[in-house]
Amino acid sequence: MRISFLPFFLLALPLMEIAGFVVVGRQIGALATVGLVLLSAVAGGLLLRHQGFGVMARIRAETEAGRDPSRHLAHGAMIVVASILLIVPGFITDIAGLLLFLPPVRDLAWRRLKDRITVVGGFGMGPGRGGGPGRRPERTIDLDSDEFSRKPNPDSPWRRLGDE
């Protein structure tokens, strides 16, 4: 029997966040605590914008080069999660969000997750989708106007149902 800790964690997280507010509020005061929470939300939005554009540029470059952008896609998803964690009020979620903004932490998470994720798509490359130097670009078939016709073949199994 496998026990999932997710429901327990989801119930315990708000209680831990409230305890964090109480502890920080006693140390620095209530107004400064609220200021920190607001500052972390603004920082989450700014970091999402700044790092998100960088990740999108790397994804585009990898795709245009015909390489697998899955690592950069995962980094982008982790940046979105990190931003959400910073925007959500609480110090524990802020710490987790700040850690996810660090590239070494994201790389560690990607190394642990990449075997569980299947990326489907060729990213502009032909057969042999295993990656590496043996990959060839897809071939383009160039047809002249006399080699191509839009007239459907009545004997074709690919005709439209409305043609019958």
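In what follows, the structure referred to is the one given above.
One numbering rule holds for all chains: residues counted from 1, following each sequence as written. In view of the model being predicted, local features appear only for residues whose pLDDT reaches at least 70, and side-chain atom pairs are presented and counted only at 80 or more, with totals across whole chains, interfaces and linings using the full set of residues. In computing side-chain properties, one takes all heavy atoms of the structure into account and sets aside hydrogens as well as water.

All right, on to the nonpolar core then. In this structure, Val55, Ile59, Ala74, Met78, Ile79, Ala82, Leu86, Leu100, Phe101 and Trp110 together form the largest nonpolar core, which totals 10 residues. Helix and strand assignments follow DSSP, with helices taken as H or I runs no shorter than four residues and strands as E runs no shorter than two, numbered in order from the N terminus. The biggest single contributor to this core is helix H3 (residues 70–87), with five residues. Once residues lying within four places of it in the same chain are set aside, the contact partners of Leu100 are Met78, Val81, Ala82, Leu85, Val105 and Arg106. By convention a nonpolar core is built from buried Ala, Val, Leu, Ile, Met, Phe, Trp, Tyr and Cys residues, the set being connected through side-chain atoms within 4.5 Å. Burial here depends on accessible area, computed with a 1.4 Å probe over protein chains only, as a share of the maximum for the residue type. Under 20% is buried, over 50% is exposed, and the range in between is partly exposed. Any two residues having at least one pair of non-hydrogen atoms within 4.5 Å are treated as being in contact.

The residues that make up patches have over 30% relative accessible area and no salt bridge, and they are joined within 9 Å when like-charged or within 5 Å when they are Val, Leu, Ile, Met, Phe, Trp or Tyr. Only the protein chains shown count as cover for residues, and the accessible areas themselves come from Shrake-Rupley with a 1.4 Å probe. Salt bridge, as applied in this entry: a Lys or Arg side-chain nitrogen positioned within 4 Å of an Asp or Glu carboxyl oxygen. None of His or the chain ends enter the tally, which takes Lys and Arg as positive and Asp and Glu as negative. Lysine's charge is taken at NZ, arginine's at CZ, aspartate's at CG and glutamate's at CD. A surface patch of negative charge is lined by Asp142, Asp144, Asp146 and Glu147. Along the polypeptide, Asp142 turns up in the segment after helix H5 (103–113). A residue is classified by how much of its surface remains accessible, and Asp142, at 66% relative accessible area, is exposed.

Let us look at helix H2 (residues 30–64). Taking 1.5 Å as the rise per residue, H2 with 35 residues should run 51 Å; its terminal C-alpha atoms sit 51 Å apart, in good agreement. Restricting attention to buried positions, one finds in H2 the residues Thr33, Val37, Ser40, Gly44, Gly52, Val55, Ile59 and Glu62. Among the structural elements, helix H1 (6–28), H3 and helix H4 (91–101) are those in contact with the buried residues of H2. Note on H2: the residue one or two positions beyond its end, Gly66, has a positive phi of about 80 degrees. Helix span, expected: 1.5 Å multiplied by one less than the number of residues in the helix.

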